[in-house]
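# Reading the structure
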Amino acid sequence: MTDLLIKDGTVILPGETLRADVAIADGVVTEVGRLGGLKARRVLDASDQYVMPGMIDPHLHLAHPFCDTRSTDDFWSGTLAAAAGGNTSIIDFAIQWSGTPLDALKARRREADGEAAIDYGLHACLTRSDAEHISCIPQLMEAGIPSFKAYMVYRRQGRKMDDGGLLAMLRETAAAGGMTGVHAENEDMADYNLAVLEREGKLGAEYFPPYKPPIVEAEAVNRVLYLNQWAESQLYIFHLSTGEGLRLVREAKAAGQRVWAETCTHYLTLNEDRYSREDGADFICSPPLRPEEDVEAMWDGVISGDISIISSDHCGFSRQQKREYGSEFTAVPNGLPGVEWRLPVIHTCGVVQERISVNRMVELLSTNPARMFGLYPRKGTLAAGSDGDVILFDPSATAEVGSLNQKTPAGWSPYADFTVRGLPTTVVSRGEIILQDGEVLAQKGRGRFLQRSYCE
Amino acid sequence: MGMQVKHLTGLRNLDAAAINRVLDTAEEMRSVVSSGGAKLLSDKLLATFFYEPSTRTRMSFEAAMHRLGGGVISMADAQTTSSVQKGETLKDTIKTIDKYADVIALRHPDAGAAQEAADVSAVPVLNAGDGTNEHPTQALLDFFTIREEFGSLDGLTVTLCGDLKHTRATNSIALGLGNYDVKLQLVSPPELRITDPIKEAIEAKGRATLSEFDDVRDAVPKSNVLYVTRIQKERLAQPEDYDRYKGSYIVDREVVDLAEETMLVMHHLPRVGELSEDVDDYPGARYFQQPFNGVLVRMALLALYLDRA
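Here goes a summary of the coordinates provided. Each chain has its residues counted from 1, running along the sequence as written. Labels are handed out in written order, letters beginning with A for the chains and numbers beginning with 1 for the ligands. Reporting of local features is limited, given that this is a predicted model, to residues whose pLDDT is at least 70; pairs of side-chain atoms are given and counted only at 80 or more, and all residues count toward the totals for whole chains, interfaces and linings. The basis for every side-chain value is the complete set of heavy atoms in the structure, and neither hydrogens nor water enter the calculation.

## Digging into the overall build of chain A
Numbering of helices and strands runs from the N terminus; a helix is a DSSP stretch of H or I covering at least four residues, while a strand is a stretch of E covering at least two. Helix and strand counts for chain A come out as 14 helices and 21 strands. Taken over the C-alpha atoms alone, chain A extends approximately 75 × 50 × 45 Å along its principal axes. Burial classification: accessible surface area is computed with a 1.4 Å probe over protein chains only, and a residue below 20% of its type maximum counts as buried, one above 50% as exposed, and the rest as partly exposed. Of all 456 residues assigned to chain A, the portion counted as buried reaches 64%. Pairs of residues are marked as contacts when any of their non-hydrogen atoms sit within 4.5 Å. Within chain A, contacts between residues at least 6 apart in sequence are counted, and of these 75% link residues at least 24 apart.

Here it is in structure tokens:
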């Protein structure tokens, strides 16, 4: 017997829009099509709503450590915020803060298992540039992690992967069928700029952009592209933010490199003017918000297809946390909360403003993350046999973000002054209605670890 | 090893060995699905070419191809969106598609269209329903469900009820079951009986026995499987007969309870009243029970006809 029938909706998939019903039994989509007369235990009327595969946010940092504290969320509250934003899966990170990458994975799973409200995967972030740790890659893949991340910065925090280690990671992941992703910034250039700014006493938030100007990103992108080409590997670029970086990615793609770029909600919808506001320090994140021409360049990349994914890079520091370590940009914890608003903000600024189609939006926020990170067609689409991860989305609902009763524990939103059009109304995860009209129906810990075996 | 014949135009051309092979391969596909990333057809492209809209069948084909790592070109409404509109013949269209696709799933309103396409196509054509002729993938999916339940198709009594003249799926079911030791009971109004060429094809295979009934209640007691299809009023010689026929071809709980042993009740939704809702709780009700089987069977067909199974 069918458990859940979603009736009379407008089904949005990457290539097409269908008037169709979606049936789910035992947590799995059983059919998509006109299913007149089908009896189900529960029926949702989706007329006037979009029915879409659940969104997948492949880049976020729940409970992210900073000094002696962590950002405000945990895997329960953070995944609820994600669900409120229409997500039915997330991929967070197991960062090797100490010990081996396998220790980090175990520790991160202990934080998530029994807590997460939706399904979650992890990227393994390797932080030691030596063979002992990089040789863990096959074991990590065995443990369900085919995607890796290297920070090309943050030496002082002990997170930086040097170029030797990065090349080795690219080669190891290529050999094992996985993928390396990078946070691409040139730390030496940023450090030099910082020394200059320090001498001049320019450490307010308004000086954050000249600390990490576009060349800081572009040079690192250029370098890692060269390494990727040399290693004949496949590369993922997290949070691309500059037109110059995009130009390099485009050229590499045209030359046949296997490289995929991601940008984030905020690089498409906010610009560096935010740093000049009174609350400018709240917007500190790396890479920084950019001038308007880079924002437009990011849309250009999204439209042309050179950018494959839009993520949130969510990091849920509260305003108080952002402000309590000092007003210098060097002291402020980096990152913006965003997992809850990615979908409505991209719908508003992308679809409503006619930059992209709603089908393309689903591709960027759900299907491509699933394809890229080894979850397709289990996730990222609605087809017989896919997990019953479905959202109902009211494309005409209008609200000011700041007035929404947000689930994000950070307590603020970088998009507070946005009026969004289009909001998720019902979130279904593996056939279970976990959120409806703002009400949480999920049991704590119902989310499962996503065991993945390959990338792209 | 793939299939003996290059195209799947209908079950008319398949013998028991070939059908069993499809069903066995479909069974193997379960482990492909549960193990995640299959790459079996990662270098292959499926074109779904549908002259009649059918979201379910098309999506099932496309899901199957995606599950095997292959790519899909989708023409959901070929009649209005492709060069078909400009008067291109089916043959010319197929001769174009077969240049860039490795396999074609075709749905067409004309009986015999699949064979017409197969005659000119350089790549395998899988019939996804052609007019009132055949719907072989649907029938194979039903066989898969039946076999799952009984272990074999041999020895069963299978009743087909409704409009057996215009229903392509029952044609394929009857033709396919003609290869097995099956008692095939056909229940329909006199003017909607299964056509003679189908009967003759079944009789020529010499395995199944055929009997015809006017009232489903007479056929149900010995049945292991009851297959219900819709009767469209406008297809009756005297549409006013519809109400008179209703009782004989409408299956409700009282009818299914006549079966001596629990039988499988099957139907291709949507239903319009020929199968009443009180049957939904009947333990043998299988319409919609195993829909993922459709993907498994189509995965098997893609792999077999592309010679990768």
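Back to the text.
## A word on the overall build of chain B
The number of helices and strands found in chain B is twelve helices and nine strands. A fraction of 74% describes how many contacts in chain B between residues 6 or more apart in sequence connect residues 24 or more apart. Calculation of accessible area relied on Shrake-Rupley with a 1.4 Å probe; when residues are assessed, cover is drawn exclusively from the protein chains displayed. On chain B, roughly 12,000 Å² of surface is accessible, and the fraction owed to carbon and sulfur atoms is 46%. Of note, chain B has its 34 positive side-chain charges centred 5 Å away from the centre of its 46 negative side-chain charges. When charges are counted, Lys and Arg are positive and Asp and Glu negative, with His and the chain ends excluded. By convention, charge coordinates are those of NZ in Lys, CZ in Arg, CG in Asp, or CD in Glu.

## Concerning the packing of helix H7 (residues 168-177) of chain B against helix H8 (residues 196-205) of chain B
Residue and element names in this part refer to chain B. Following both chains from N to C, one finds H7 and H8 inclined at 15°, their axes separated by 8 Å at the closest point. Taken together, the axes of H7 and H8 lie roughly parallel to each other. Of the two possible hands of crossing, H7 and H8 adopt the one that is right-handed. For the pair formed by H7 and H8, the contact residues are Asn171, Ala174 and Leu175 on the first element and Ile198, Ala201, Ile202 and Lys205 on the second. A fitted line through C-alpha atoms serves as each axis, taken over the contacting stretch for helices, and the angle formed by two N-to-C directions is quoted from 0 to 180°. Throughout, the term roughly parallel applies to angles under 35 degrees, roughly antiparallel to angles over 145, roughly perpendicular to angles from 65 to 115, and oblique to all others. Each crossing is labelled by how the near helix is turned from the far one, with a counterclockwise turn of less than a right angle marking it left-handed and a clockwise turn marking it right-handed.

## Regarding the nonpolar core
Side-chain atoms within 4.5 Å are what join buried Ala, Val, Leu, Ile, Met, Phe, Trp, Tyr and Cys residues into a set we call a nonpolar core. Within the largest apolar cluster, 110 residues are counted, with the highest numbers of intra-cluster contacts made by A:Met52, A:Leu126, A:Leu166, A:Val182 and A:Met361. If near-sequence neighbours (up to four positions away) are discounted, A:Met361 is found in contact with A:Met52, A:Leu343, A:Ile346, A:His347, A:Val351 and A:Ile356. B:Met29, B:Leu153, B:Val225 and B:Leu301 belong to the second-largest nonpolar core, a separate cluster that totals 67 residues.

## A word on the environment of A:Glu400
Residue and element names in this part refer to chain A. Tracing the sequence through the fold places glutamate 400 in strand E18 (residues 390-400). Its relative accessible area of 44% is what places glutamate 400 among the partly exposed residues. In this structure, the C-alpha to C-alpha distance between glutamate 400 and serine 233, residues 167 residues apart in sequence, is 44 Å. Apart from residues lying up to four places away in sequence, glutamate 400 is in contact with Ala416, Phe418 and Thr419.

## Points about the pattern of salt bridges
Basic side-chain nitrogens of Lys or Arg form a salt bridge, by our definition, when they fall within 4 Å of a carboxyl oxygen of Asp or Glu. For the structure shown, the criterion picks out 54 salt bridges over all chains. Among the salt bridges present, the one from B:Arg286 reaches B:Glu149, with a minimum N-O distance of 3.0 Å. Here B:Glu149 lies in helix H6 (residues 136-150) and B:Arg286 lies in the loop between strand E9 (264-267) and helix H12 (292-305), a separation of 137 residues in the sequence. Connected via shared salt-bridge partners are A:Arg274, A:Arg277, A:Asp279, A:Asp282, A:Arg319, A:Arg323 and A:Asp417.

## Notes on unusual backbone geometry
With an omega of -5°, the peptide bond running from A:Ser286 to A:Pro287 counts as cis. Between A:Tyr376 and the following residue, A:Pro377, the backbone shows a cis peptide bond with an omega angle of 5°.

## Let's talk about the sheet that holds strand E2 (residues 71-75) of chain B
Two orientations exist for strands paired in a sheet by backbone hydrogen bonds: parallel and antiparallel. Residues and elements named next belong to chain B. DSSP calls a pair of strands paired once it identifies at least 2 bridges connecting them. Within the open sheet, the four strands sit side by side as E2-E1-E3-E4. Their pairing is parallel. At either margin of the open sheet sits one strand with a lone partner, and together these are E2 and strand E4 (125-130). Direction aside, the axes of adjacent strands within the sheet are offset by 15° on average. Here strand E1 (residues 45-50) runs beside strand E3 (residues 103-108); their pairing, made up of five bridges, is parallel. Following the sheet pairing, threonine 48 is matched in E3 by alanine 105.

## Looking at the sheet that holds strand E14 (residues 234-237) of chain A
All names here are of chain A. The eight strands lie next to each other as E6-E10-E11-E12-E13-E14-E15-E16, forming an open sheet whose pairing is parallel. Looking along the sheet, the strands with just one partner apiece sit at the ends: strand E6 (55-57) and strand E16 (307-311). Between one strand axis and the next, the sheet turns by 30° as a mean value, whatever way the strands run. By the bridge criterion, four bridges tie E14 to strand E15 (residues 258-264) in an arrangement that is parallel. In the strand pairing of E15, leucine 235 is matched with valine 259. The sheet strands contacting helix H11 (residues 292-304) are E15 and E16, and the helix crosses E16 at an angle near 120°.

## Focus on the interface of chain A and chain B
Counting residues at the interface gives 26 residues for chain A and 22 residues for chain B. By convention, the term buried area covers the 1.4 Å-probe accessible surface removed from two parts as they join, with the contributions of both added. Interface area lost by chain A to chain B is led by A:Glu31, A:Lys39 and A:Ala384, which between them contribute 22%. Between chain A and chain B we count two salt bridges in total. A salt bridge links A:Glu31 to B:Arg56; the nearest nitrogen and oxygen atoms lie 2.8 Å apart.

## Some thoughts on the environment of B:Met266
Residue and element names in this part refer to chain B. As for its placement among the helices and strands, methionine 266 is situated in strand E9. Classification of methionine 266 by relative accessible area gives buried; the value is 3%. Sequence separation of methionine 266 and glutamate 240 is 26 residues, and the distance between their C-alpha atoms is 27 Å. With residues up to four places along the chain from it excluded, the contact list for methionine 266 reads Asp142, Thr145, Ile146, Val225, Leu226, Tyr227, Val228, Arg286 and Tyr287.

## Digging into the packing of helix H5 (residues 163-176) of chain A against helix H8 (residues 214-231) of chain A
Residues and elements named next belong to chain A. Relative to each other, H5 and H8 sit at 40°, their axes nearing to 9 Å. In terms of their interaxial angle, H5 and H8 are classed as oblique. Crossing handedness for the pair H5 and H8: right-handed. Taking contact as the criterion, the partners of Asp163, Leu166, Leu167, Leu170 and Arg171 in H5 are, on H8, Arg223, Val224, Leu227, Asn228, Trp230 and Ala231. For this classification, the nonpolar set comprises Ala, Val, Leu, Ile, Met, Phe, Trp, Tyr, Cys and Pro, the charged set comprises Asp, Glu, Lys and Arg, and every other residue, Gly included, is treated as polar. Per-class residue counts for the contact of H5 with H8 are seven nonpolar, one polar and three charged.

## Some remarks on the pairing of strand E7 (residues 209-213) of chain B
The side chains of a regular strand alternate, residue by residue, between the two faces of the sheet. All names here are of chain B. Two elements, strand E6 (residues 183-187) and E7, share five bridges in a ladder whose sense is parallel. Note on E7: the bridge partner recorded for leucine 186 is glutamate 212. Note on the crossover from E6 through H8 to E7: the handedness is right-handed. By convention, orient the strands away from the viewer: a clockwise path from the first strand over the helix to the second makes the crossover right-handed.

## Description of the packing of aromatic side chains
Here a pair means two rings of Phe, Tyr or Trp (six-membered ring of Trp) with centres within 6.5 Å. Their orientation is stacked below 30 degrees between planes, edge-to-face above 60, and tilted elsewhere. In the structure shown here, the tally under the stated rule is 17 aromatic pairs over all chains. Plain terms: the ring middles of A:Phe66 and A:Phe317 are 6.0 Å apart, the flat faces sit at 75° to each other, and that makes the pair edge-to-face. Within this pair, whereas A:Phe66 is found in strand E8 (residues 65-66), its partner A:Phe317 is found in the loop between strand E17 (314-315) and helix H12 (319-323), the two being separated by 251 residues in sequence. Exposure remark for A:Phe317: the relative accessible area of 1% places this residue in the buried category. Here the aromatic residues A:Phe93, A:Tyr236, A:Phe238 and A:Phe373 are joined through ring pairs into a cluster of three or more. Over a ring means this: the NZ of a Lys or the CZ of an Arg is within 6 Å of the ring centre and within 35 degrees of the ring normal. Over the ring of A:Tyr376 we find A:Arg371; its NZ or CZ atom is 5.1 Å from the centre of that ring. If you follow B:Arg298 out to its NZ or CZ, it ends over the ring of B:Phe61, 5.2 Å from the centre.

## Quick notes on the state of the cysteines
Residues and elements named next belong to chain A. Two cysteine sulfurs form what is called a disulfide whenever their separation falls within 2.5 Å. As enumerated under the stated definition, the model contains zero disulfides over all chains in all. Sulfur of cysteine 455: no disulfide; nearest cysteine sulfur belongs to cysteine 125 and is 15 Å away. What makes cysteine 455 buried here is its relative accessible area of 3%.

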